[in-house]
Amino acid sequence: MNVGYARTSTVEQEAGLEAQMRDLSAAGCEKVFREQVSSVDVAARDQLAAALDFVREGDTLVVTKLDRLARSVAHLMEIVAVLARKGVSLRILGLGIDTGTPTGRLLLTVMGGIAEFERSIMLERQREGIAKAKAEGLYKGRKPTARAKAAEVHRLRADGVGAAEIARRLGIGRASVYRVLGEAAQ
């Protein structure tokens with residue numbers, strides 16, 4: 001059985017998720033696990049865990065691109081090891097790689113190393129660009145949304161609303177609510 005896994009990092013990437021779903025369907029996936037979560041947040045990747053639990057001997061886990069599956073070569077190798085123990089192969093459509101063959105396993109290892117290298121170069125360039133923009137006074141960082149809503153936080157707290165509910169109503173994190181309330185106490 002071909003089992004698909006599709007992932008995007010954010011809700012704004014809905015079109016990317018739909019494109020992955022189309023590709024996985026065209027590849028003959030009978031069941032597809034999908035989620036919108038950052039690859040960095042491994043603990044929140046419930047659907048990947050469910051897909052790995054679901055596959056059985058003789059199945060193939062299918063993904064459209066390598067970066068949709070793993071965040072690093074080490075993580076990729078962990079996933080491949082889990083699949084191998086279960087007798088499941090991995091197919092990456094965008095690279096034409098199938099770990100059901102020795103050549104596919106070799107190519108996956110090489111491509112995983114290149115992908116990790118490429119990502120670290122991109123992050124290094126991003127850090128350099130931010131540092132340059134800061135030096136030129138062009139980078140101000142993200143607008144502090146929680147602090148902009150401090151008056152609303154205090155009003156809701158005075159009305160007896162709990163921190164979790166304040167966070168939900170204002171669209172900010174619970175930790176931000178506590179930070180705003182803590183700053184006022186000082």
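Residues numbered from 1 in each chain as written. Predicted model: local features only at pLDDT ≥ 70, side-chain atom pairs only at ≥ 80, totals over all residues. Heavy atoms only, no water.

### Brief notes about the pattern of salt bridges
For side chains bearing opposite charge, pairing can occur when the charged atoms are close. Throughout the structure, instances matching the rule amount to 5 salt bridges. The partner of Glu-18 in a salt bridge is Arg-34, with the nearest N and O atoms 3.2 Å apart. Of this pair, Glu-18 sits in helix α1 (residues 14–26) while Arg-34 sits in strand β2 (residues 31–36); the two residues are 16 residues apart in sequence, bridging distant segments of the chain. Arg-68 is paired through a salt bridge with Asp-67; the nearest N and O atoms lie 3.4 Å apart. Classification of Arg-68 by relative accessible area gives buried; the value is 14%. Among the residues examined, Asp-67 registers a relative accessible area of 37% and is labelled partly exposed. Put simply, Glu-165, Arg-168 and Arg-169 are held in one network by salt bridges that share partners. (Salt bridge = Lys/Arg side-chain N within 4 Å of Asp/Glu carboxyl O. Helix = DSSP H or I, 4+ residues; strand = E, 2+ residues; numbered from the N terminus. Buried < 20%, exposed > 50% of the residue type's maximum accessible area, 1.4 Å probe, protein only.)

### Comments concerning the nonpolar core
One recurring pattern in soluble globular proteins is that nonpolar side chains are buried together. In this structure, Leu-61, Leu-69, Leu-76, Leu-83, Leu-90 and Leu-108 are the most contacted members of the largest nonpolar core, which totals 21 residues. Among the secondary structure elements, those contributing two or more residues to this core are β1 (2–8), α2 (46–54), β3 (60–63), α3 (73–85) and β4 (89–92). Among the elements that line this core, the one with the most residues is α3, at 4 residues. Apart from the residues within four sequence positions on either side, Leu-61 is in contact with Val-3, Gly-4, Tyr-5, Ala-51, Leu-52, Leu-69, Leu-83, Val-88, Ser-89, Leu-90 and Arg-91. Core analysis: the next-biggest nonpolar cluster, separate from the first, contains 12 residues, Ala-146, Val-153, Ala-167 and Ile-172 among them. (Core = buried A, V, L, I, M, F, W, Y, C linked by side-chain atoms within 4.5 Å. Contact = heavy atoms within 4.5 Å.)

### Topic: the pairing of β1
Counted residue by residue, β1 has 7 buried out of 7 residues, so it is predominantly covered. Here β1 shows no split at all, with Asn-2, Gly-4, Ala-6 and Thr-8 on one side and Val-3, Tyr-5 and Arg-7 on the other all buried. Here 3 bridges tie β1 to β3, and the two strands are oriented parallel to one another. What sits directly across from Asn-2, in β3, is Thr-60. Where β1 lies against β2, 6 bridges are found, and the strand directions are parallel. Looking at β2, one finds that Thr-8 is bridged to Gln-36. (Pairing = 2+ DSSP bridges.)

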